[in-house]
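Geometric and topological summary
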Amino acid sequence: MGWIYLIVDDVNTFQLCVRLFVYVFFPFDKIYSNANLPANGAYFVTYEYIQAQAKRLTGSNEVSMAATLLAGGSSGIAYWIVICLAPPGYYKHGIRSAFKDLMKTEGPLALYRGISAVMIRAFPANAACFFGIELVNKAFNKIAPNF
């Protein structure tokens, strides 16, 4: 208990601990938040929407693993579509400026350059991630159903 008192008592050490906590658990600077917050939103909204639709179609509260794989893969694709729109800070007015610049300089095919490799990787990687999450959730529900 004495060491906690020393950390709280020493203001510089306390501020250092708070800063360390913030930097480790909330690594949001302007560039990171501008790119990743909307992408993470698309990621989880896509996953939850597809899971909800699968539950509605089956009429059950349980979701099949095939639906989980589809939802996970689709959420990964949604994430990378948002991330790949434009490099952070390059375009002043965001997607509108990027779109105008690409159409003027390279034409419509520039929108798809390089994204196919990202999508080929994103679908199976995120499908496997959510498959593991749902598998562990089912195991925990069997071990401790009312937890």
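Because the structure is predicted, anything quoted here is derived from the model rather than measured.

**Remarks on the nonpolar core**
In this structure, Ala-39, Tyr-43, Tyr-47, Ile-50, Ala-71, Tyr-79, Ile-83 and Phe-130 together form the largest nonpolar core, which totals eight residues. Taken together, the elements giving at least two residues each to this core come down to helix H3 (30–58) and helix H4 (65–83). No other element matches the four residues that H3 contributes to this core.

**Quick look at the UniProt feature "transmembrane region" (unreviewed entry) in the protein chain**
Under the feature "transmembrane region" (unreviewed entry), the UniProt entry names residues 65–90 and 110–133. Counted over residues 110–133, helix gives 79% and strand 0%. Its end C-alpha atoms are 36 Å apart.

**What to know about the side chain of Ser-74**
Structurally, Ser-74 is set in helix H4. The class of Ser-74 is buried, set by a relative accessible area of 19%. Only 2.8 Å separates the side chain of Ser-74 from the backbone oxygen of Leu-70, close enough to count as a polar contact. Ser-74 has contacts with Thr-46, Ile-50 and Phe-123, leaving out every residue within four places of it along the chain.

**As for the packing of aromatic side chains**
Scanning the entire structure with this criterion turns up five aromatic pairs. With a centroid separation of 5.4 Å and 40° between ring planes, the pair formed by Tyr-43 and Phe-130 is classed as tilted. Pair noted here: Tyr-43 is in helix H3 and Phe-130 is in helix H6 (residues 115–143), with a separation of 87 residues, a long-range link. No difference in accessibility class separates Tyr-43 from Phe-130, as the two residues are buried. Judged by centre distance (3.9 Å) and plane angle (15°), the ring pair of Tyr-47 and Phe-130 falls under stacked. Remark: Phe-130 occurs in helix H6 and Tyr-47 occurs in helix H3; sequence separation between them is 83 residues. You can call Tyr-47 buried: its relative accessible area is 4%. Chaining the aromatic ring pairs together yields one cluster made of Tyr-43, Phe-44, Tyr-47, Tyr-79, Trp-80 and Phe-130.

The rules behind each value
- Residues numbered from 1 in each chain as written.
- Predicted model: local features only at pLDDT ≥ 70, side-chain atom pairs only at ≥ 80, totals over all residues.
- Heavy atoms only, no water.
- Core = buried A, V, L, I, M, F, W, Y, C linked by side-chain atoms within 4.5 Å.
- Buried < 20%, exposed > 50% of the residue type's maximum accessible area, 1.4 Å probe, protein only.
- Helix = DSSP H or I, 4+ residues; strand = E, 2+ residues; numbered from the N terminus.
- UniProt positions renumbered as here; feature names shortened; annotations may be inferred.
- Polar contact = N/O pair within 3.5 Å; in protein donor to acceptor, adjacent residues only side chain to side chain.
- Contact = heavy atoms within 4.5 Å.
- Phe/Tyr/Trp six-rings, centres within 6.5 Å; stacked < 30°, edge-to-face > 60°.

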